[in-house]
Amino acid sequence: MALVVGGRWPVRIGLGSEGGEDRFSAVDLIQQRHLGSQVGQCRLGVADPVGSQLCELQLFDAGFGIRAKRVPLILGGGFQLAGVEFGGLRPGSCGLGPRTQLKDYARGCFGWQAARVRVDRVILFRLATSERLERSTKALPGGAAAAWRAASRYVAGRTREEGLRAAAEVLERGHGVSVDLFGEHVHDVAQSAQAGADYLALASALPPAPADAWLSVDLSHLAVQLDPAGAAQSLAAVAAALPPGRRIQVGAEEAEVTDVVLGCVTEVASRGLADRLGATVQANLLRSPGDVDKLIAAGVHIRLVKGAYLERAGALAFGEPTDVAFLRLAHQLAAAGATWSMATHDGRLREAVHLALGPVPVEQLHGVRPEILDDLRALGVPTRVYLPYGPDWFRYWLRRVAESRGA
């Protein structure tokens, strides 16, 4: 027997005897509905590093029968999901099997070959940090206008008014928003003070309740490396200016600043502002399980992402190792009863988390497959859109292009 889990990326699980297929929708399972099936034991068993057993899942395109991915599912004690008894299966730390091959599906809609991913991402991320490239592009006749036309898909606007107008449109569609003012790697105290003042003004300009409007910030915009105490003071001032129920999410940055960033978050949380703060954890960092424990203890909201920065050390490779780590961290957060969400466009990971843990809130970037959030929202999954705005949009746009290469 095989179980086929539907959705945008249906899953076939080899179970028990060979033979027919029973079809379930991932959406049906989330909403506690099922079509009925007798589910047997998994017929595959491969030793997992932590002593569990893995069962192979095959993701395929239901229309064309193209196998795109093999995803091992952890074996263990039986569990019940949406009224279906899964004897000997549990959606634990899923991973990708050693024979993994990610096919180019729908012309890059879901992935590239690994070698090409590495080359594309490295080159584009290097370009995304180049001020010289930005200056040169904007200096060309029509260069700035052409770049903006491409970037405007991902950017909410170049002014606060444009950003808030975009936020109102997203809120009207039923999604929450997390509004960010572009800026990072500030090394001037006066400039960071101005950024803090801009965020206070943005906090007061957010649409009133019951609108689900949060803020986002990269602490390097507040010069956290240059002046950690000053950055903490600015973050605390903005958090205190937010009404109860709203948060300011602190973004993830390069691993070299993770200590000072998380230290700032936990210090501000200790001032009685934990309910108005959020932190971001990158699954690809080896240190993240310990960081999760510290952030849970601090009582802040946690946003789980794959991680997109090119790190020299202390990080897992993109692809299978990071996917495994993401799922392990998701289960760590759920087991601890944390307040958290996942920010990913990876449909495989999202469905794996939802099948295992229920309707975990989902956040996506502005301009990236918005129909996915509309579908999730219609099913009762809490959704949020990250909406950045401001004049410093050029390098953010290049990072989005880089991340699209197999992120």
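Source: prediction; values computed, not measured.

Conventions and cut-offs
Residues numbered from 1 in each chain as written. Predicted model: local features only at pLDDT ≥ 70, side-chain atom pairs only at ≥ 80, totals over all residues. Heavy atoms only, no water. Helix = DSSP H or I, 4+ residues; strand = E, 2+ residues; numbered from the N terminus. Buried < 20%, exposed > 50% of the residue type's maximum accessible area, 1.4 Å probe, protein only. Contact = heavy atoms within 4.5 Å. Areas by Shrake-Rupley, 256 points an atom, 1.4 Å probe, with all protein chains shown as cover. 1 Å grid on protein atoms, 1.4 Å probe; cavity = no way out; pocket = protein on both sides within 12 Å on 5 of 7 lines; lining within 4 Å. Points joined across faces, edges and corners; volume = space filled by probe spheres on them. Core = buried A, V, L, I, M, F, W, Y, C linked by side-chain atoms within 4.5 Å. Phe/Tyr/Trp six-rings, centres within 6.5 Å; stacked < 30°, edge-to-face > 60°. Lys NZ or Arg CZ within 6 Å of the ring centre and 35° of its normal.

Colleague: For this particular structure, what's the right way to read the overall build of the chain?
Modeller: Counting its regular elements, the chain contains 13 helices and 16 strands. Across the 407 residues of the chain, 52% fall into the buried class. Sequence separation of at least 24 residues holds for 63% of the intrachain contacts in the chain that already meet a minimum separation of 6. When the accessible surface of the chain is totalled, it reaches about 17900 Å², and 54% of it is carbon and sulfur.

Colleague: Just to check I follow, could you spell out empty space enclosed by the protein for this structure?
Modeller: As enumerated under the stated definition, the model contains two cavities of 30 Å³ or more in all. Its volume calculated, the second largest cavity comes out at about 130 Å³. Lining the second largest cavity are 16 residues; nearest its centre among them are Ala252, Thr258, Leu262, Thr280 and Gln282. Sorting the residues of the lining of the second largest cavity by element identifies helix 8 (258–273), strand 12 (277–282) and helix 9 (288–298) as the ones contributing at least two each. Ranked by residue count, the leading element in the lining of the second largest cavity is strand 12, at four residues.

Colleague: Explain the nonpolar core to me, please; I cannot follow it from the model alone.
Modeller: Buried together is how nonpolar side chains tend to be arranged in soluble globular proteins. One finds Leu215, Leu219, Leu235, Ile248, Leu304 and Trp340 to be the most contacted residues of the largest nonpolar core, which totals 66 residues. The element best represented in this core is helix 8, accounting for seven residues. In this structure, Leu304 is in contact with Val281, Ala283, Phe326, Leu329, Ala330, Leu333, Trp340, Ser341, Met342 and Ala343, ignoring residues within four places of it in sequence. Counting 15 residues, the second-largest nonpolar core is a separate cluster that includes Trp148, Val155, Tyr396 and Leu398.

Colleague: When you look at the packing of aromatic side chains in this model, what are you seeing that I'm missing?
Modeller: Here the structure, examined in full by the defined rule, presents five aromatic pairs. Both rings, one in Tyr386 and one in Tyr396, keep their centres 6.4 Å apart while their planes meet at 45°; by these two values the pair is tilted. Residue Tyr386 is found in strand 16 (residues 383–389), and its partner Tyr396 is found in helix 13 (residues 394–403); the two are separated by ten residues along the sequence. Between the aromatic rings of Trp393 and Phe394, the centroid separation amounts to 5.9 Å while the plane-to-plane angle is 55°, which identifies the pairing as tilted. For the residue pair Trp393 and Phe394, the accessibility class agrees, reading buried in each case. Taken together, the aromatic side chains of Trp148, Trp393, Phe394 and Trp397 make up a single cluster linked through ring pairs. For the cation-ring pair, Arg158 lies above Trp148, with the distance from its terminal atom to the ring centre recorded as 4.0 Å. Its end group placed over the ring of Trp214, Arg384 keeps NZ or CZ at 3.6 Å from the ring centre.

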